[in-house]
Amino acid sequence: MVNACPGSYPFCVIDSVGCQWCDTVVVSYTLNMYETINHSQVYLSQKPCTNEFAIMFKNRLPCVDVEIRSVEGKIVFVQSYTDASKIILMAQTWDPGIYIFETYWGNTTLVNNL
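Residues numbered from 1 in each chain as written. Predicted model: local features only at pLDDT ≥ 70, side-chain atom pairs only at ≥ 80, totals over all residues. Heavy atoms only, no water.

Asker: Looking at this model, I keep getting lost on the environment of Ile 100. Mind explaining?
Answerer: Considering the arrangement of structural elements, one finds Ile 100 in strand β7 (residues 99–105). Relative accessible area serves as the criterion here: at 19%, Ile 100 is assigned to the buried category. For Ile 100 and Ser 70, which are 30 residues apart along the polypeptide, the C-alpha to C-alpha distance reads 6.2 Å. (Helix = DSSP H or I, 4+ residues; strand = E, 2+ residues; numbered from the N terminus. Buried < 20%, exposed > 50% of the residue type's maximum accessible area, 1.4 Å probe, protein only.)

Set out below in structure tokens:
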């Protein structure tokens, strides 16, 4: 199981002759999933049960621009930050789907999927 929210998950295994065995897995807590981007300059952390995303930078940046678009090209979030090392994004008002985030600072542009 990957990115499972806390809870009970029943499952069954059936072999080729029809024998069945069932059990339940209990997940007590969710671990953050970190993704390294641009050779460890930026980390993306997703909390799947809370609609929270964190963008963390290896070094504190004096000015960062963040833009998030749906795969259809609709801009859902634009914000500039000063003196940033960690940015928290709350996605509870976004429609379910795949989003593309772009971060800009200095001469650097990073594009990745959320």
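Asker: Sorry if this is basic, but what is going on with the packing of aromatic side chains here?
Answerer: Pairs of aromatic rings are described using the distance from one ring centre to the other and the angle between the two planes. Tallying each qualifying case throughout the model produces four aromatic pairs. Considering the side-chain rings of Phe 11 and Trp 21, the 5.8 Å spacing of their centres and the 70° angle between planes classify their relative orientation as edge-to-face. In this pair, Phe 11 sits in strand β1 (residues 7–14) while Trp 21 sits in strand β2 (residues 20–27), placing the two residues 10 residues apart along the sequence. Ring centres of Trp 94 and Tyr 99 lie 5.1 Å apart, and the angle between their planes is 45°; on these two criteria the pair is classed as tilted. (Phe/Tyr/Trp six-rings, centres within 6.5 Å; stacked < 30°, edge-to-face > 60°.)

Asker: Is there a simple way to think about the state of the cysteines in this case?
Answerer: Defined simply, a disulfide is a covalent bond joining two cysteines at their sulfur atoms. Going through the model one piece at a time under the given rule, you end up with one disulfide. A disulfide bridge connects Cys 12 with Cys 22, and the sulfur atoms are separated by 2.0 Å. Measuring handedness by torsion sign, the sulfur bridge of Cys 12 and Cys 22 sits at about 105° and is right-handed. Within this pair, whereas Cys 12 is found in strand β1, its partner Cys 22 is found in strand β2, the two being separated by 10 residues in sequence. On the accessibility criterion, Cys 12 (46% relative accessible area) is partly exposed. (Disulfide = S-S within 2.5 Å.)

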